[in-house]
Amino acid sequence: MTSHATSAEQNMMVPDLTFEPGMKVFNMKLGMWVFLLSEVMFFTSLIGSYVILRFAHPDHFPEPGVVLNVPLTAFNTFFLICSSVTMVKAFAAIQKGDQQKFKLWLLGTILIGAAFVGIQAYEYSLLVAEHFGPSAAGYAPVGRGMEEGGPIVGGPLYGATFYTMTGFHGAHVSIGVLCLIFVLIQAMRGKYTAADHRGVEVIGLYWHFVDLVWIVLFTIVYLI
Amino acid sequence: MATHAATAEGHATGAGHDEHHKLSFIRTYIFSTDHKMIAKQFLLASLLFLLIGGILAGLVRWQLGFPGQPIPFIGSMFSDTTAPGGIILPEFYNSLVTMHATFMIFFAIMPLLVGVWGNFLIPLQIGAPDMAFPRLNTASFWISVPAGILMLASFFVEGGAAGAGWTSYAPLSANPEYSGVHMGQVLWLVSLIILGFSSLTGAVNYITTIINMRAPGMTWFRMPLPTWSLFVTSWLLLLAIPILTGGLIMLLFDQTIGTGFFNPATDGEPLLWQHIFWYFGHPEVYILILPAMGLVSEVISNRARKPIFGYHAMVLAIISIAFLGWVVWGHHMFQSGMNPLLGTSFMISTIIIAVPSAIKVFNWLGTLWKGDIHFDVPMLHALAFVAMFIIGGLSGIFMASAPVDIPIHDTYFIVAHIHYVLFGGSLFGIFAGITFWFPKMFGRMMSPKLGKIHFWVTIFAYNAVFFPMHNLGLRNHMRRIYDPNSYEYLQPLQGLNTFISIAAFILIAGQMIFAFSFFYSMFFGEKAEQNPWKSNTLEWTAAGHPPGHGNFPGGTPHVYRGPYEYSSPESNEDFLPQGVPPEPVRRGAVPREPGFLPTGD
Amino acid sequence: MENWSWMLDESASSVGPQIDRLYYIILVITGIVFVATEVTLLYFLFKYRHREGHKAEYIHGNTKAEIIWTAIPALIVLAIALMSRGLWAEIKDPANVPADAMRVMLEAKQFEWNLTYPGPDGELRTGDDFTVRNRLDIPLDRPTVLEMTSVDVIHSFFVPDFRLKQDIVPGMAMQMWFQPTRAGVFPIGCAELCGIGHTRMRGTLTVHSPADYQAWVNEQVQGAASAAEPAAPAPATQAQ
């Protein structure tokens, strides 16, 4: 085990062979999988509540695009999907030991992720200006491009569920960006090699998961 | 984290060099990454919360046993908004009831089972040098500290602590207009959200450790039952806690920023909260009992000097309880107004979950049969667990039958049931665990004399408190009412209520014997031998009380057989540890690779 | 000592005896299991207590025993579930609400029960309805349906002698029916923690003979008429 833990040449991407065979992955990756299962349950509770409330009160939920800016968010969605691609590129680069490309792709992922959060914040500011707020008292949208003072579309459950679901997703992206920045700093210090880039793989798993959640959210919140 | 896991592994072999890098006081006792120290931190913190929860229960019982009378001795310490002149106000009573349950469930029983034994036993029993993520483990404990502080602080904010019951049914909990509590409820919610992170990080750690870090030969079906039950419990935590967190967040938004998830005034759905709460809450019930079942199985098999009866059946029962636990939540809501057809399906799934519990009881009895039973203190507690769990399990059948649940729902019958499971079950299991593993944790034996006094006081007082609560429930005594005497038909029950309260004070006082014995034995107890209970599992073969950093100085141990080989004909003694090689190897024959060894079980 | 009893008080509604019967069946079954398991436990503890020179038998289990003690409890609990199913549907299934029942509206709020009765015309939501606080008066000869709503938090309408309990969730229209079997006065309680005044949210249920019920209705209608100008319904004061 000693040689295993200290040797730099040892491939760290396989599980510790001194133990009884468990899952065929290293601990951190297994830990991330397990953690992501709990994330699935967390988003299930939010999305499940949304589905139940929407079925119980369809009048609270206007047609797609009436209140929400679908084109803007569709662009943002495309953006986030791109960041999954750049993450894959970064991972592929470090697998080959190409430090330069690895850091560039990583930086690209960070920038796109940060831009996604920025666009989401901008979207929120537009929506709030259109009286589409999370609280029941702050809910009075009349629909995009309609005259002020017209009839309010939908009901407060729309605002509450929209901000809760997209807000917590945005928080997950933000945490992902912070983690990626941490990984980039570590990369600058030369921490990752072709033989040991566990941190990159693990944060990559998280990043892809967050993207996947967004595709689900975008579909059910904006499109359906 | 990766480097850290590697460091922990490095320690395993470097334990001989310990004196070269003595850790500072802070790294050893405060921000330790050693799973055994973290277990002790959880133990001390949760015993403190157990005491606080007990005191709150005492205040509740004072009001019920002696309604409207000033609390003796400490009555003058209360503020005018809680108990002016020592007389408990109704709003304070609601807070007491709520916070007693909250502290006991989330801050005492859960960490006492999962935090303490998950940390202490898992790496030691599977032969790992530490947890998979030691630093995450440190974080798990320290995240729970602010949660506890916030929960305690809520007693001192304006409006007092949360008073909507530990179930916090909306809209009472969602709107301060209805309960008179705003800040207290917000702190309650924030505290539980934070605590959820603690449980979650713990669960990720336990699951990863058990899957990936078992010693060679420690196959799934050679794992000791405490580890098995903690493994299954960790899955329940992992999947149930985030559900609650989602619900708590929505309730927090209702309470603070005015969303209307559970507020019917804006078309929100109060029943949605109940579904979320109990979807978490029923797995939670098993989180609170499964680890205790594991501890008790270990103690019974050891002290009866006999293999556990039906090891595989025990494991399968734990797993099937964990699966069924997800489809029974609606039985908490039979009278809630949900669709009666749903009630029928929940009734059937609920009643089926009684079966694995029954299997476990019969297997414990089977273990005792033809055994060689030693009545040490841990065994007394373990046997009390079985005897009391039978009562708690059987009383559950009444409310599982939806029509019979109608009259007894929300009465003291339910209070009796939950305490037979949570106190009679979980807490006796915890006492069995603490008294059994105390020597491994602190290097000294707990006083058997004090232990026996504590046990007998507890078992008698406990039954005097909770058994008559069944009868109160059958006389239609509602739970959570401040003054039962306001109902004429409950007035004749005052004598019984007073009896219960006096027994409760004896029960609480009796726990001081345990507290004294715990701290006294820690410093002055008889020094423990390496393996005082002549146990088979790996933790007793690791040298030291507790073992040093890395647990197994000679390197990862090898495992040759199942954990309960007591009185095996293979050995001259009445036990055969998991790590002792079989005969040919012991005689100095060519050591074989672990993978080629006979499985033994 | 009657406080320590495991017997139920005599019920006063049509479903009461059936619920009680089911309760006693479960009581007997669980009682037998309780005595059998606890006695076995104590017997084993005595019989197999440690004695010098004695060694436990090396037994790992017995598949036949496992199957038996899985199957038998499974059959017993399934039987209990099946027995419960029909009765549950009879009590709670909306399809089983008697058509000829008298309908009364119940509005729960912190911390009182407001009951609105059909006036002499026997129809709810007409001009001659009258409202009474904290008392439910019903005739013996016909079933009653409560149409229940809550204006604030969840309350639970509990009539112990009728074996009746139903949570009232704000925002939902709940229904509950019952058929009294004897005249008398019975307590009503709130069984769901509903706030500071939860403990005093109580009322009385009075079952009248048909003639007495008519007399009571007339009295209420006249009372309401004479008290119409001053303020709220006068009978409220009779409540407690």
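Shown above is the structure to which this text applies.
How each quantity is defined
- Residues numbered from 1 in each chain as written.
- Chains lettered and ligands numbered in written order.
- Predicted model: local features only at pLDDT ≥ 70, side-chain atom pairs only at ≥ 80, totals over all residues.
- Heavy atoms only, no water.
- Helix = DSSP H or I, 4+ residues; strand = E, 2+ residues; numbered from the N terminus.
- Rg over C-alpha atoms; globule rule 2.2 N^0.38 Å.
- Buried < 20%, exposed > 50% of the residue type's maximum accessible area, 1.4 Å probe, protein only.
- Contact = heavy atoms within 4.5 Å.
- Areas by Shrake-Rupley, 256 points an atom, 1.4 Å probe, with all protein chains shown as cover.
- Lys, Arg positive; Asp, Glu negative; His and termini not counted.
- Charge placed at Lys NZ, Arg CZ, Asp CG, Glu CD.
- Buried area = accessible area lost by both parts, 1.4 Å probe.
- Salt bridge = Lys/Arg side-chain N within 4 Å of Asp/Glu carboxyl O.
- Polar contact = N/O pair within 3.5 Å; in protein donor to acceptor, adjacent residues only side chain to side chain.
- Nonpolar A, V, L, I, M, F, W, Y, C, P; charged D, E, K, R; others polar.
- Patch = residues over 30% accessible without salt bridge, like charges linked within 9 Å, V, L, I, M, F, W, Y side chains within 5 Å.

Describe the overall build of chain C, and please don't skip the residues or the numbers.
When you go through chain C residue by residue, the secondary structure sums to three helices and 10 strands. Starting at the N terminus and walking to the C terminus, you meet the elements of chain C as α-α-β-β-β-β-β-β-β-β-β-β-α. Computed over its C-alpha atoms, the radius of gyration of chain C comes to 25 Å, more than 25% above the 18 Å expected for a compact globule of 240 residues. Seen through its principal axes, chain C has C-alpha atoms that stretch 95 × 35 × 35 Å. In chain C, buried positions account for 49% of the 240 residues. Considering only contacts within chain C whose residues lie at least 6 apart along the sequence, 62% involve residues at least 24 apart. Per element, the accessible surface of chain C, about 11,100 Å² overall, is 60% carbon and sulfur. Distance between charge centroids for chain C: 12 Å, based on 19 positive and 27 negative side chains.

Let's hear about the interface of chain C and chain B: which residues, and what values?
Counting residues at the interface gives 84 residues for chain C, matched by 99 residues for chain B. Both faces considered, chain C and chain B share a buried interface measuring about 7,900 Å² in area, 69% of it formed by carbon and sulfur atoms. Taken together, chain C and chain B are joined by two salt bridges. Between Lys 370 of chain B and Glu 57 of chain C there is a salt bridge whose closest N-O contact spans 3.9 Å. Remark: the boundary between chain C and chain B carries 30 residue pairs in polar contact (both at pLDDT 80 or more). Split by residue class, the side of chain C that touches chain B holds 47 nonpolar, 19 polar and 18 charged.

Tell me about unusual backbone geometry, and name the residues and values.
Note the cis peptide between Ala 170 of chain B and Pro 171 of chain B, where omega equals 5°. Relative to the helices and strands, Pro 171 of chain B is located in the loop between helix H5 (134-153) and helix H6 (176-179). Here the bond from Gln 110 of chain C into Phe 111 of chain C is cis, since omega is -5°, no more than 30 degrees from zero. Inspection of the secondary structure puts Phe 111 of chain C in the loop between strand E1 (102-109) and strand E2 (112-117). Look at Phe 73 of chain B: it is not a glycine, yet its phi comes out positive at around 65°.

Mind laying out the pattern of salt bridges, listing which residues take part and the relevant values?
Residue and element names in this part refer to chain C. As enumerated under the stated definition, the model contains 16 salt bridges over all chains in all. Here Glu 147 ties to Arg 103 by a salt bridge, and the two come within 2.5 Å at their closest N and O atoms. Of the two residues, Glu 147 is situated in strand E5 (residues 144-150) and Arg 103 in strand E1; the sequence distance between them amounts to 44 residues. Look at Glu 147 and you get buried, because its relative accessible area is 17%. Each of Arg 103, Arg 125 and Glu 147 takes part in one network of salt bridges that share partners.

Kindly report on the interface of chain A and chain B, identifying the contributing residues and their values.
Residue-level contacts link 42 residues of chain A with 50 residues of chain B. Between chain A and chain B, roughly 3,600 Å² of surface is buried when both sides are summed, and carbon and sulfur atoms account for 71% of that area. When the buried area of chain A at its contact with chain B is split by residue, Phe 19, Glu 20 and Asn 27 of chain A rank highest and sum to 19% of it. The interface formed by chain A and chain B includes zero salt bridges. There are 10 residue pairs in polar contact (both at pLDDT 80 or more) connecting chain A and chain B. Counting only elements with at least two residues in the side of chain A that touches chain B, the list comes to helix H1 (2-6), helix H2 (27-56) and helix H5 (156-188) of chain A. The element that contributes the greatest number of residues to the side of chain A that touches chain B is H2 of chain A, accounting for 16 residues. Looking at the side of chain A that touches chain B residue by residue, the classes come out as 24 nonpolar, 13 polar and five charged.

Hey, could you go over a nonpolar patch on the surface for me, with residue numbers and the actual values?
A cluster of nonpolar side chains, contributed by Phe 25, Ile 26, Tyr 29 and Phe 31 of chain B, occupies part of the molecular surface with about 450 Å² of accessible area. Within the secondary structure, Tyr 29 of chain B is located in helix H2 (residues 25-30).

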